[in-house]
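For reference, the chains in residue letters:
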Amino acid sequence: MELVKTRQELREKLNACRKAGKTVGFVPTMGALHEGHLSLVEAAGSQSDLVVVSIFVNPTQFNDPGDLERYPRDLNKDLQLLENTSCELLFAPSVEEVYPEPDKRKFDFGDLEKVMEGKHRPGHFNGVAQVVSRLFEMVNPDKAFFGQKDFQQLAIVREMVRQLDMNVEVVGCPIIRESDGLAMSSRNALLTKKHRKSAPLIAKTLSESCNFVHEKRIEDVEAFVLEVVNGDENLDVEYFEIVDGNTLQKVDNWEESTYIVGCIAVFAGNIRLIDNITYIEIDH
Ligand code: PAF
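Per chain, residue numbering runs from 1 following the sequence as it is written. Selection of residues for local features in this predicted model requires a pLDDT of at least 70, selection of side-chain atom pairs for listing and counting requires 80 or more, and totals for whole chains, interfaces and linings are taken over all residues. Derived side-chain values reflect all non-hydrogen atoms in the structure, with water molecules and hydrogen atoms excluded from consideration.

What follows is about the site of the ligand. If you check the shell around the ligand, you find Pro28, Thr29, Met30, Asn58, Gln61, Val131, Phe146 and Gln153 and nothing else. Contacts to the ligand include glutamine 61, whose side-chain N or O atom sits 2.6 Å from an oxygen atom. Here a polar contact is recorded for every N or O atom pair within 3.5 Å, except that within protein the pair must consist of a potential hydrogen donor and a potential acceptor, and residues adjacent in sequence are included only if both atoms are side-chain atoms. In this structure, glutamine 153 approaches the ligand through a side-chain N or O atom, which is 2.7 Å from an oxygen atom. Surface accessibility in these figures is a Shrake-Rupley result with a 1.4 Å probe; residues are shielded only by whichever protein chains are displayed. When the ligand sits alone it has 290 Å² of accessible area, and the protein chains cover 89% of it. Polarity classes work like this: nonpolar for Ala, Val, Leu, Ile, Met, Phe, Trp, Tyr, Cys and Pro, charged for Asp, Glu, Lys and Arg, and polar for all others, with Gly in that last group. Across the shell around the ligand, the residue classes break down as four nonpolar, four polar and no charged. Residues are labelled near a given molecule or strand when at least one of their non-hydrogen atoms is within 4 Å of it.

The following block contains the structure:
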C-alpha cells in the first residue's frame, strides 16, 4: 500500500491505473479505522481493480468544535490496519490540500436534510457534501462505498451525486457491530467505561422493537424505544424516528411504505452515537 498526501501525487498514481484500464473503488473515511471501515474496503476490493481509501477529518462537517477537537486520530494505527487489506492507495491530505480556499458552496437537499441529523446538526450535511464532492473529483472513482450506519448520509451522498451529475455508483454496505451489538463507530473509543457498558442497549432495543412491526402503532414503537433507552441513566435519546427509507420522512403507519427504517441518535455522556434498524424492506 502506498500513502500519498497531495492531489498531485494522487493524480499521478491514478492516471497510471486508469491507463492500465483499472476500475477504481473508493472508501472515504475520517480515520480511526475499525472493522466497519475494513468491511467497506473489503467490499471495494471485491468490486473494483484498485481500492483507494482516504483519511481526512473534514472540519466543515463538524457543527460542534469540541467534537472536531475530540475526534480520534491515529494515522500509524490506521496504516497498520490497512496493511493487510485490498487498499492499494491511501490518500491522507491536509486541510489546505482539500480546501486551498474556503468552500462557500451551499447545497440544497430539500426535505432530506431537514430531519434527524440534518435538523440536529445544522450545516453537517453541507460539509459532508463539500468534502465528498471534492474527494470524488480528486479520485474520480467508479464506485464509492459508505456504511449504512450513517443512513441519512448515504441518502444525502446519493442525492448529491444525482444533483452534480457525477458518474459514480454509491454503494451502501451493512452496519458492522461489536459482539454485544453496538454499531461500530470511531466515537466508541471515546466512551467512558460506564457509557460503553450502557451503549449496547441502543441496538438491543432497536432489535426488540422489530417484534412490534404491524403489531403496535408506529407512535407506540417510538415510545417504547424512547422509554427503554432513556431508562438507562447513562443514555439520553436525542431523536428516534421511524421513517420512509427513501424520503427519510416520518411514516404514520406500517402500510405507508415498503421501506421503513428506525433511526436513532443517543448521547452517552458527551459522545453522540447513531444507529438504525430496517423494519420493512420489500423489493427495494
Ligand atoms: O462518514 C464519514 O466518515 C464522513 O462523513 C465522510 C463520508 C468520510 C466525509 O468526511
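Further remarks concern the packing of helix H7 (residues 124-139) against helix H8 (residues 151-163). With their axes 10 Å apart at the nearest point, H7 and H8 run at an angle of 55° to one another. Considering their axes alone, H7 and H8 lie oblique with respect to each other. The hand of the H7/H8 crossing is right-handed. Residues Phe125, Val128, Ala129, Val132, Ser133 and Phe136 of H7 form the contact with H8, whose own contacting residues are Gln152, Gln153, Ile156, Val157, Met160 and Val161. When the residues that make up the contact of H7 with H8 are grouped by side-chain class, the tally is nine nonpolar, three polar and no charged. To get an axis, a line is fitted to the C-alpha atoms, and for a helix only the part in contact is used. The angle between two axes follows their N-to-C directions and goes from 0 to 180 degrees. Starting at the N terminus, helices and strands are each numbered in turn, a helix being any DSSP run of H or I of at least four residues and a strand any DSSP run of E of at least two. When an angle is under 35 degrees it counts as roughly parallel; over 145 it counts as roughly antiparallel; between 65 and 115 it counts as roughly perpendicular; any other value is oblique. Two helices that cross are described as forming a left-handed crossing if the nearer one is turned anticlockwise from the farther one by less than a right angle, and a right-handed crossing if clockwise. Should any heavy atoms of two residues lie within 4.5 Å, those residues are considered in contact.

Let us now look at the packing of helix H10 (residues 200-209) against helix H11 (residues 218-230). Between H10 and H11, the least distance of the axes is 10 Å, while the angle of their chain directions is 155°. As far as their axial angle goes, H11 and H10 are roughly antiparallel. Crossing geometry of H10 relative to H11 is assigned as right-handed. On the side of H10, the interface is formed by Leu201, Ile202, Thr205, Leu206, Glu208 and Ser209, while H11 contributes Val221, Phe224, Val225, Val228 and Val229. Each residue belonging to the contact of H10 with H11 can be placed in one class, and the counts come to eight nonpolar, two polar and one charged.

Glancing now at the nonpolar core. In this structure, Leu10, Val52, Phe136 and Met160 are the most contacted members of the largest nonpolar core, which totals 47 residues. No other element matches the nine residues that H7 contributes to this core. Not counting residues within four places of it along the chain, the set of residues in contact with leucine 10 comprises Val4, Val52, Leu89, Phe91, Met138 and Val139. We call a set of buried residues a nonpolar core when its members are Ala, Val, Leu, Ile, Met, Phe, Trp, Tyr or Cys and they connect through side-chain atoms within 4.5 Å of each other. For every residue, the accessible area (1.4 Å probe, protein chains only) is compared with the maximum for its type, and the residue is labelled buried under 20%, exposed over 50%, or partly exposed between those bounds.

Considering the arrangement of structural elements, one finds serine 39 in helix H2 (residues 35-47). Note on serine 39: relative accessible area 21%, which makes it partly exposed. With 134 residues separating them in the primary sequence, serine 39 and cysteine 173 have C-alpha atoms 8.0 Å apart. Here glycine 36 takes part through its backbone oxygen, which lies 2.6 Å from a polar atom of the side chain of serine 39.

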